[in-house]
Amino acid sequence: MDTNSNRTKMSSQPNRFTCLVIEDEVLAIEMLVDYINRRGDLELLGIGTELSEVRDLLEKHRPAIIFLDLVIPLGESAGYHFGRLPVTSSIIVVSGIPLSHYKGDLPKGDIYELPKPVSFASFDQCVNEVINKGKGYLYGVEI
C-alpha cells in the first residue's frame, strides 16, 4: 500500500506534521512561516502563491495540513481549483473572507477557519485542534 497517497500524518521525523502554505501576500506568508517554525511538530513542505503552484506542489507532496488563503492568483492553473485539494489533508482557511461569504469552490474534507488577522495564540489553538483530531487517523484509516 502506498502511504503517500493516503492521509499523511507525519513527516520523516516522528511527531511532526507536514504542511503547505497557500498564500499570496508576503507579510501573511512571513507570519505563517514564523508561526509554523515556532511549533516543533510542524514541517513546512512548500509555499504556493498562485493556483498553478499549488497544483504542482500537490503532485509532489501529500501534506497533513494546508493553510489556505481563499483569494490567490490563478496563474496557469488549467482549471485546477480548491475543490481538487486532497480530502486527506486538513484545511485551515486563513483568510479575510469568512467562509460563510465565500462563493467559490471549497475543498472537501476537514475545514477549519482562522480569520485574519491571526495571532499566534489563535494559530496555536487551531493547529492543536487539527492535530488532536488527526491523531485519530493513521494513513487514512480511522483508529
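So, here is what we can say about the structure in this document. On a predicted model such as this, the values are computed, not experimentally measured, just so you know. (Residues numbered from 1 in each chain as written. Predicted model: local features only at pLDDT ≥ 70, side-chain atom pairs only at ≥ 80, totals over all residues. Heavy atoms only, no water.)

1. Considering the nonpolar core
How we decide: What makes a nonpolar core is a set of buried Ala, Val, Leu, Ile, Met, Phe, Trp, Tyr and Cys residues whose side-chain atoms join them at distances within 4.5 Å. With a 1.4 Å probe rolled over the protein chains alone, any residue whose accessible area is under 20% of its type maximum counts as buried; one over 50% counts as exposed, and the rest are partly exposed. Only DSSP runs of H or I with at least four residues qualify as helices, and only runs of E with at least two residues qualify as strands; both kinds are numbered from the N terminus onward. We call two residues in contact when some of their heavy atoms are within 4.5 Å.
Residues Leu42, Ile65, Phe67, Ile92 and Phe123 are the most contacted members of the largest nonpolar core, which totals 20 residues. Tallying contributions element by element places helix α3 (residues 120-134) first for this core, with five residues. Here isoleucine 65 is in contact with Thr18, Cys19, Leu20, Leu42, Ser90, Ile92, Val130 and Ile131, once residues within four sequence places are set aside. In this structure, Leu20, Ile72, Phe82 and Val93 belong to the second largest nonpolar core, which totals 17 residues.

2. Description of the environment of histidine 81
Within the element layout of this structure, histidine 81 appears in the loop between β3 (65-68) and β4 (90-95). Here the alpha-carbon distance between histidine 81 and glycine 104, two residues 23 residues apart in the chain, equals 8.9 Å. Here histidine 81 is in contact with Leu51 and Asp105, once residues within four sequence places are set aside.

3. What about unusual backbone geometry?
Each neighbour pair has its own omega, and for lysine 116 with proline 117 the value is -5 degrees, a cis peptide bond. You can see proline 117 is positioned in the loop between β5 (111-115) and α3.

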